[in-house]
There are 2 protein chains.
Amino acid sequence: MQVLSTQRSFEGSQERYRHFSTALNCEMNFSVYLPPRSGSKLPVLYWLSGLTCTDENFTNKAGAQRVAAELGIMLVVPDTSPRGEGVADAENAYDLGVGAGFYVNATQEPWSRHYRMYDYIVDELPSVIEGSFPTSNCRSISGHSMGGHGALVIALRNPHRYRAVSAFSPIANPTNSPWGKKAFSHYLGSDIERWRDYDATLLIETADRSQQLPILIDQGDADEFLAEQLKPERFIAASEAANYPVQFNMRAGYDHSYFFISTFIESHLRFHAEALRR
Amino acid sequence: MQVLSTQRSFEGSQERYRHFSTALNCEMNFSVYLPPRSGSKLPVLYWLSGLTCTDENFTNKAGAQRVAAELGIMLVVPDTSPRGEGVADAENAYDLGVGAGFYVNATQEPWSRHYRMYDYIVDELPSVIEGSFPTSNCRSISGHSMGGHGALVIALRNPHRYRAVSAFSPIANPTNSPWGKKAFSHYLGSDIERWRDYDATLLIETADRSQQLPILIDQGDADEFLAEQLKPERFIAASEAANYPVQFNMRAGYDHSYFFISTFIESHLRFHAEALRR
């Protein structure tokens, strides 16, 4: 694992690494924030970013370090897809290929050789983090847009591995969203039964009641993608039908940007801290 | 004045504008943050950015909106130089021309037609802001690196126009810095007597004692530019010789980046709020 940078932030350390991912079969960058050390082992919040992002957008724009420093939470921010020479990409598309991994394990050519972001986030990255940093085994997961989708899907499928999940403006029902349909048809093929495992609205319908996690979602009502792409109302309806409690906040006037995330990231970190502290 | 964007942030509004500047003789962008309205007129903090920046770096990375919202301060963030077709530039130089206006009024060809950032920041922009937004006449000024230099110079030369000044990692003695010497020789010519008006260390030596402003400076001791380019120790020595109080904080482990600024921006905003409230 190669250290790309180490920078002091809120008396802790903002760090960037490069490592070879066996799941993705390429070099990957990730960023971490280490809060000032208390001596105790650190709980970890994984943040999954949205379309076009790298590990740097959240790191530079969300303002999360201040609160993570106070709460003693380590932040881990992966990239959003495999990258680099030899990695398949879609020309002139921001919503497929590089920067758009959708947190799935692709089964179709030419994507299946590298696009296994689900395995990378669920298994490989936590194993790298927990082998290299002074962490506890308490994990939590959050994300934005495509990353909100990823966080919800990963937490619903692996409730034993996380203490809580939250999302900003998630693509909540991707099998009914143009972004989701495009990505899933390329990565997973035309059989839509294969898409079910990556749709939070379909997953919560059948989630195990004995393993419910705390779920928090914030959504701006001035979000330009709300009606066509995100559809949180379908996730909320499914969670109610399944008796799965979800805290959902519709925020008046907010859009899809990091100005929205930075406004409410503190409340999400405090939500995770409470679950991680238990 | 053209509105480029309006985005909700911390219950206030992050906005971006374009206008024609008569001082600079070109179109200019600036960003403002309007805190949630209390009905009373808003005091204004001007933020001057460093080399290569536009109005967007501070806006996206500093995390200032949270504190400005709480304190009821309007933030105004101009660009760092004139820009656009017909504006002189230096090829392959990040420290001269576009993105590197150094907050001076250039007297030399080819710069003098557009590069009048001093007049733009001192007179034109405040007049635009105060004519367009519900502001009080209470102004304050801050900045980073080249912008820290600009803030100190402008406040020391116009103490009647500001309530306080602060800086992160300022180029504190540009007539003794490679960045300053290069910029001043191009913009102001070879007569170094003409440079005095733009050097905070030289200006504080002769500052009017009856018009002293509160001054706060933060500097990281791991800043890669500290010894060669910034030289805050010369400014501090001059301020002590002149009996001009300066709050100076050397911060262990911090570098020149926005991770440093975001860590301490809250303390700077509270420092300005106290002066603006008087």
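Being a predicted model, the structure only gives us computed values, none of them experimental. Residue indices follow the written sequence of each chain, beginning from 1 at its first position. The lettering of chains begins at A and the numbering of ligands begins at 1, in the order of writing. Only residues with pLDDT of at least 70 get local features here, since the model is predicted, and only at 80 or more are side-chain atom pairs given and counted; chain-wide, interface and lining totals rely on the full set of residues. Water and hydrogen atoms were dropped before computing side-chain values, which therefore reflect all heavy atoms in the structure.

Visitor: Help me understand the overall build of chain A in this model?
Guide: Summing up its helical and strand segments, chain A has nine helices and nine strands in all. Across its three principal directions, the C-alpha atoms of chain A cover 50 × 45 × 35 Å. Among the 278 residues that make up chain A, the fraction classed as buried is 63%. By definition in these notes, contact holds between two residues if any of their heavy atoms fall within 4.5 Å. A sequence separation of at least 24 residues applies to 72% of the contacts in chain A between residues at least 6 apart. Within the structure as shown, chain A displays about 10,500 Å² of accessible surface, and the carbon and sulfur contribution to it stands at 45%. In DSSP terms, a helix is any run of H or I states spanning at least four residues, a strand is any run of E spanning at least two, and both are numbered starting from the N terminus. Burial here depends on accessible area, computed with a 1.4 Å probe over protein chains only, as a share of the maximum for the residue type. Under 20% is buried, over 50% is exposed, and the range in between is partly exposed. The Shrake-Rupley method, run with a 1.4 Å probe sphere, supplies the accessible areas, and residue values consider only the shown protein chains as cover.

Visitor: Explanation requested: the relation of the copies chain A and chain B in the structure shown.
Guide: In this structure, two copies of a chain are linked by a rotation about an axis accompanied by a shift along it. Alignment of copies: least-squares fit on C-alpha atoms of residues with pLDDT of at least 70 in both copies. In the superposition of chain A on chain B (RMSD 0.0 Å, axial shift 0.0 Å), the rotation amounts to 180 degrees. Interpreted geometrically, this transformation is the action of a two-fold axis. Residues of chain A ranked by C-alpha distance from the rotation axis are headed by Lys61 of chain A, positioned 2.5 Å from it. Interface residue correspondence from chain A to chain B reaches 100%, placing this contact among same-surface, isologous pairings.

Visitor: I tried to follow empty space enclosed by the protein on my own but got confused; where do I start?
Guide: Rolled over the atoms, a probe sized like a water molecule indicates the empty space that remains. Points on a 1 Å grid over protein atoms alone make up a cavity when a 1.4 Å probe fits among them but cannot get out, and a pocket when they form an open set with protein on both sides within 12 Å along at least five of seven lines; lining residues each have an atom within 4 Å of a point. Grid points are joined across faces, edges and corners, and a volume is the space filled by probe spheres set on the points. Throughout the structure, instances matching the rule amount to two cavities of 30 Å³ or more. The computed volume of the largest cavity comes to approximately 50 Å³. If you go around the largest cavity, the residues you meet are Gln14, Ser31, Val32, Tyr33, Phe58, Thr59, Ala64, Gln65, Leu75 and Val77 of chain B. For the lining of the largest cavity, the secondary-structure elements that each account for two or more residues are strand S3 (26-34), helix H1 (56-61) and strand S5 (74-78) of chain B. Among the elements that make up the lining of the largest cavity, the one with the highest residue count is S3 of chain B (three residues). Class assignment for the residues of the lining of the largest cavity results in six nonpolar, four polar and no charged. Its volume calculated, the second largest cavity comes out at about 40 Å³. Looking at the second largest cavity, the residues that line it are Gln14, Val32, Tyr33, Phe58, Thr59, Gln65, Leu75 and Val77 of chain A. At the level of elements, strand S3 (26-34), helix H1 (56-61) and strand S5 (74-78) of chain A are the ones that each hand at least two residues to the lining of the second largest cavity. Following the grouping adopted for this structure description, the nonpolar residues are Ala, Val, Leu, Ile, Met, Phe, Trp, Tyr, Cys and Pro, the charged ones are Asp, Glu, Lys and Arg, and the polar ones are all others, Gly among them.

Visitor: Explain the side chain of Lys231 of chain B here, please?
Guide: All names here are of chain B. For Lys231, the position within the fold is in the loop between helix H7 (226-230) and helix H8 (232-241). For this analysis, a polar contact is any N or O atom pair within 3.5 Å, provided that within protein one partner can donate a hydrogen and the other can accept it, and provided that sequence-adjacent residues contribute only side-chain to side-chain pairs. A distance of 3.3 Å separates a polar atom in the side chain of Lys231 from the backbone oxygen of Ala227. The residues touching Lys231, leaving out its near neighbours within four places in the chain, are Ala172, Asn173, Asn176 and Leu226.

Visitor: Where do I start with the pairing of strand S1 (residues 2-9) of chain A in this structure?
Guide: Moving residue by residue along a regular strand, the side chains alternate between the two faces of the sheet. Residues and elements named next belong to chain A. Bridge count for S1 against strand S2 (residues 12-21) is seven bridges, and the pairing is antiparallel. Residue pairing for S2: Ser5 is matched across the bridge by Arg16. Counted along the chain from S1 to the antiparallel partner S2, the turn is two residues long, and its residue Phe10 has a positive phi close to 50 degrees. Pairs of strands are assigned from DSSP output, requiring at least two bridges between the strands.

Visitor: Please clarify how the interface of chain A and chain B should be interpreted in this entry.
Guide: Often, the extent of an interface is quoted as the loss of accessible area on bringing the components together. Counting from both sides, the interface comprises 22 residues of chain A and, opposite them, 22 residues of chain B. For the chain A and chain B pair, buried surface summed over both sides reaches about 1,800 Å², with 52% attributable to carbon and sulfur atoms. Reported buried area values correspond to the accessible surface (1.4 Å probe) lost by two parts on association, with both partners' losses combined. Sorting the residues of chain A by area buried against chain B places Arg8, Phe10 and Phe259 of chain A first, and these three jointly supply 35% of that buried surface. For this analysis, a salt bridge means a side-chain nitrogen from Lys or Arg found within 4 Å of a carboxyl oxygen belonging to Asp or Glu. For the pair chain A and chain B, the number of links is zero salt bridges.

Visitor: I keep staring at the packing of aromatic side chains and nothing clicks. Help me out?
Guide: Think of a pair of aromatic rings as described by two things: how far the centres are apart, and how the planes are tilted against each other in angle. All names here are of chain A. Here a pair means two rings of Phe, Tyr or Trp (six-membered ring of Trp) with centres within 6.5 Å. Their orientation is stacked below 30 degrees between planes, edge-to-face above 60, and tilted elsewhere. The full count for this structure, using the stated rule, is 34 aromatic pairs over all chains. Between Tyr94 and Trp179, the aromatic rings sit 6.4 Å apart at their centres with planes inclined by 85 degrees, giving edge-to-face as the arrangement. Of this pair, Tyr94 sits in the loop between S5 and helix H3 (117-132) while Trp179 sits in helix H5 (residues 178-188); the two residues are 85 residues apart in sequence, bridging distant segments of the chain. Given a relative accessible area of 4%, Trp179 falls into the buried group. Ring plane angle 65 degrees and centroid distance 5.7 Å describe the contact between Phe260 and Phe264, whose orientation is recorded as edge-to-face. Of the two residues, Phe260 and Phe264 are both situated in helix H9 (residues 258-277); the distance of four residues between them amounts to about one turn of the helix. For Phe260, a relative accessible area of 0% corresponds to the buried category. Aromatic ring contacts, followed pair by pair, group Trp47, Phe58, Phe168, Tyr254, Phe260 and Phe264 into a single cluster. Only lysine NZ and arginine CZ atoms are considered, and such an atom sits over a ring when it is within 6 Å of the ring centre and within 35 degrees of the ring normal. Over the ring of Tyr118 we find Arg157, and its NZ or CZ is 4.1 Å from the ring centre.

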